[in-house]
Amino acid sequence: MPAKHSRHIALTGPLAEWVDSQVSEGEYTSVSDLIRTAIRLLREQEQKRRAGAVAIPSATADNRV
């Protein structure tokens, strides 16, 4: 699927390493594939939260990567 809108993102070292390992292990075909999947999941989670089905904890210094 060709990109319609290109974006630049900055990741912490641990996140970049994890993303790279997921792609190299074949879990995703590319970094873009992984990011699109993550965004789709976040959107679904947000829709459920708005419907009152799921509470999403806010990010804190303790659980950020």
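Everything numeric here is computed off the predicted structure, so don't read it as measured data.

**Student:** Looking at this structure, how should I read a nonpolar patch on the surface?
**Tutor:** On the surface, a cluster of nonpolar side chains totalling about 230 Å² of accessible area is made up of Ile9, Leu11 and Leu15. Inspection of the secondary structure puts Leu15 in helix α1 (residues 13-24).

**Student:** Explain helix α2 (residues 31-50) here, please?
**Tutor:** Since there are 3.6 residues in each turn of an α-helix, residues three or four apart along the chain are aligned in direction. The first and last C-alpha atoms of α2 sit 28 Å apart over 20 residues, in line with the 28 Å expected at 1.5 Å per residue. Restricting attention to buried positions, one finds in α2 the residues Asp33, Leu34 and Thr37. End-on view of α2: buried residues confined to an arc of 100 degrees, all on one side of the axis. Facing away from the buried side of α2 by more than 90 degrees, the exposed set consists of Leu42, Arg43, Gln47 and Arg50. Against the buried residues of α2 lie α1.

**Student:** Got a minute to help me understand the pattern of salt bridges in this structure?
**Tutor:** A side chain of one charge can pair with a side chain of the opposite charge if their charged atoms are brought near each other. Going through the model one piece at a time under the given rule, you end up with 2 salt bridges. The salt bridge partner of Arg49 is Glu46, with a shortest N-O separation of 2.7 Å. Of this pair, Arg49 and Glu46 both sit in helix α2, 3 residues apart, roughly one helical turn. Residue classification places Arg49 among the partly exposed positions, given a relative accessible area of 36%.

**Student:** Even after reading the chapter, I still don't get the environment of Glu46, so can you show me in this structure?
**Tutor:** You can call Glu46 partly exposed: its relative accessible area is 25%. Separated by 2.7 Å, the side chains of Glu46 and Arg49 make a polar contact. There is a polar contact of 2.8 Å between the side chain of Glu46 and the side chain of Arg50.

The rules behind these values
Residues numbered from 1 in each chain as written. Predicted model: local features only at pLDDT ≥ 70, side-chain atom pairs only at ≥ 80, totals over all residues. Heavy atoms only, no water. Patch = residues over 30% accessible without salt bridge, like charges linked within 9 Å, V, L, I, M, F, W, Y side chains within 5 Å. Areas by Shrake-Rupley, 256 points an atom, 1.4 Å probe, with all protein chains shown as cover. Salt bridge = Lys/Arg side-chain N within 4 Å of Asp/Glu carboxyl O. Helix = DSSP H or I, 4+ residues; strand = E, 2+ residues; numbered from the N terminus. Expected span 1.5 Å × (residues − 1). Buried < 20%, exposed > 50% of the residue type's maximum accessible area, 1.4 Å probe, protein only. Arc of directions from axis to C-beta. Contact = heavy atoms within 4.5 Å. Polar contact = N/O pair within 3.5 Å; in protein donor to acceptor, adjacent residues only side chain to side chain.

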